[in-house]
Amino acid sequence: MSGRSLTVVRRGALTTVQDPGRFGHAHLGVPRSGALDPAAAGLVNRLAGNPEGAAVLETTADGCAVRPGCAVTVAVGGAPCPVRVDGRPAAWGAAVRVPAGAVLEVGAPVRGLRSYVAFAGGVDVAEVLGSRSADLLSGLGPAPLEDGAVLPLGPPPAGGPGPWYEAVPWPGPPVELVLRVRLGPRADWFTDAALRTLTGRAYRVSPRSNRIGLRTEGPALERARRGELPSEGMVLGAVQVPPDGMPVVFLADHPTTGGYPVIAVVREDDLAAAAQAVPGTPLRFVTGAVTRTGA
């Protein structure tokens, strides 16, 4: 290993390359993908001196470890976690200089679920349909990291770390996840009692959640109609209800079509918090008066 690249020493439970994602391809069946917590990904990029859209590493649950082949400025953010360089503690949420050949260890989050790692110059894997993001559903983009994999880094930014070089405030992972929703477009497939249950009862984040969807545990939602819908378009934040009655919130790698009814759609601003909600986190869906929107 040499030059502007990094070698994966420990891949972690799931570490992927992510940028803002693929836009404009849903009609071809290609999801957006991209960082589940885009604000965190953008902020670590600014700390490292990159444009906000540079590709970063997104770790899940237990971090990762990498060895850069060149001296590089790195920033780790998102879910708070221990950071070490060759075994010595380093700053989280601030720019850190990692010498060539040193091991950068990103530990398991102490709160939250997903941490983000930016390298000056960005992770320079090949673009697919205009994005470097890994898409776990379609398989587009780079595969999840494996031990021993070598990833190229882009040229260092001309200006180096910018005005965000020092530590900055970060939003904390949610103790309770509150998702604001607009009911519909298939709210009429559910009973009035189900609509009241969705917005009036407590749920929990299921350990079966992933980048495709945040699954829930709690009271089942009763349908007013039987049968299935023809497959129709799905949007980011759609709350789809499969036959078990448990709401599923579609995240970045969600399918572009589906046949289960969508009872509501979560505001996109709330999805970053959903990305950081660990299994068991209390969850509430909230809205104004329970009224049906267009079918």
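In this text, all values refer to a predicted model and were calculated from it rather than measured experimentally.

A tally of regular secondary structure across the chain gives 3 helices and 20 strands. Computed over the C-alpha atoms, the radius of gyration of the chain is 20 Å, within 12% of the 19 Å expected from 2.2 N^0.38 for a compact globule of 295 residues. Here the chain holds 295 residues, and the buried ones make up 52% of them. Intrachain contacts of the chain at a sequence separation of at least 6 include 78% that bridge at least 24 residues. Within the structure as shown, the chain displays about 12300 Å² of accessible surface, and the carbon and sulfur contribution to it stands at 56%.

Turning our eyes to something else, we now look at the nonpolar core. Membership of the largest hydrophobic core comes to 43 residues, with the highest contact counts inside it found for Val249, Ile263 and Phe285. Sorting the residues of this core by element identifies α1 (38–48), β10 (114–119), β12 (177–183), α2 (192–200), β13 (203–205), β19 (262–266), α3 (271–275) and β20 (282–286) as the ones contributing at least two each. Of all the elements, α1 adds the most residues to this core, at 6 residues. Sequence-distant contacts of Phe285, that is, excluding residues within four places in its chain, are made with Leu179, Val181, Leu198, Thr199, Tyr203, Thr216, Val239, Pro247, Val249 and Val266.

Looking now at α1. Taking burial as the measure, the 11 residues of α1 include 8 buried ones, the bulk of the element. Taken as a whole, α1 has its buried residues at Ala40, Ala41, Gly42, Leu43, Val44, Asn45, Leu47 and Ala48. If you follow the buried residues of α1, they end up packed against β3 (56–60), β5 (72–78), β8 (95–98) and β10. Looking one or two residues beyond α1, the residue adopting positive phi is Gly49, at roughly 90°.

The full count for this structure, using the stated rule, is 16 salt bridges. As a salt-bridge pair, Glu52 and Arg46 come within 2.7 Å of each other at their nearest N and O atoms. We note a salt bridge from Glu232 to Arg186, for which the minimum N-O separation is 2.8 Å. Taken as a pair, Glu232 in strand β15 (residues 232–233) and Arg186 in the loop between β12 and α2 lie far apart in primary sequence, 46 residues in all. Several salt bridges share partner residues, and in doing so they unite Arg10, Asp62 and Glu105 into one network.

Looking now at the pairing of strand β1 (residues 5–10). Pairing between β1 and strand β11 (residues 150–152): 3 bridges, direction antiparallel. Bridge pairing in β11 places Thr7 opposite Val150. Bridge count between β1 and strand β4 (residues 64–68): 4 bridges; the pairing is antiparallel. Pairing of Val8 across the sheet is with Val66, part of β4.

Before going further, it helps to examine the pairing of β3. In terms of burial, β3 is a largely internal element, 5 of the 5 residues being buried. In terms of strand pairing, strand β2 (residues 14–18) meets β3 through 5 bridges, oriented antiparallel. The residue bridging Leu14 from the neighbouring strand is Thr60, located in β3. In terms of strand pairing, β3 meets β10 through 4 bridges, oriented antiparallel. Bridging from a neighbouring strand, Glu58 pairs with Tyr116 of β10.

Analysis parameters
- Residues numbered from 1 in each chain as written.
- Predicted model: local features only at pLDDT ≥ 70, side-chain atom pairs only at ≥ 80, totals over all residues.
- Heavy atoms only, no water.
- Helix = DSSP H or I, 4+ residues; strand = E, 2+ residues; numbered from the N terminus.
- Rg over C-alpha atoms; globule rule 2.2 N^0.38 Å.
- Buried < 20%, exposed > 50% of the residue type's maximum accessible area, 1.4 Å probe, protein only.
- Contact = heavy atoms within 4.5 Å.
- Areas by Shrake-Rupley, 256 points an atom, 1.4 Å probe, with all protein chains shown as cover.
- Core = buried A, V, L, I, M, F, W, Y, C linked by side-chain atoms within 4.5 Å.
- Salt bridge = Lys/Arg side-chain N within 4 Å of Asp/Glu carboxyl O.
- Pairing = 2+ DSSP bridges.

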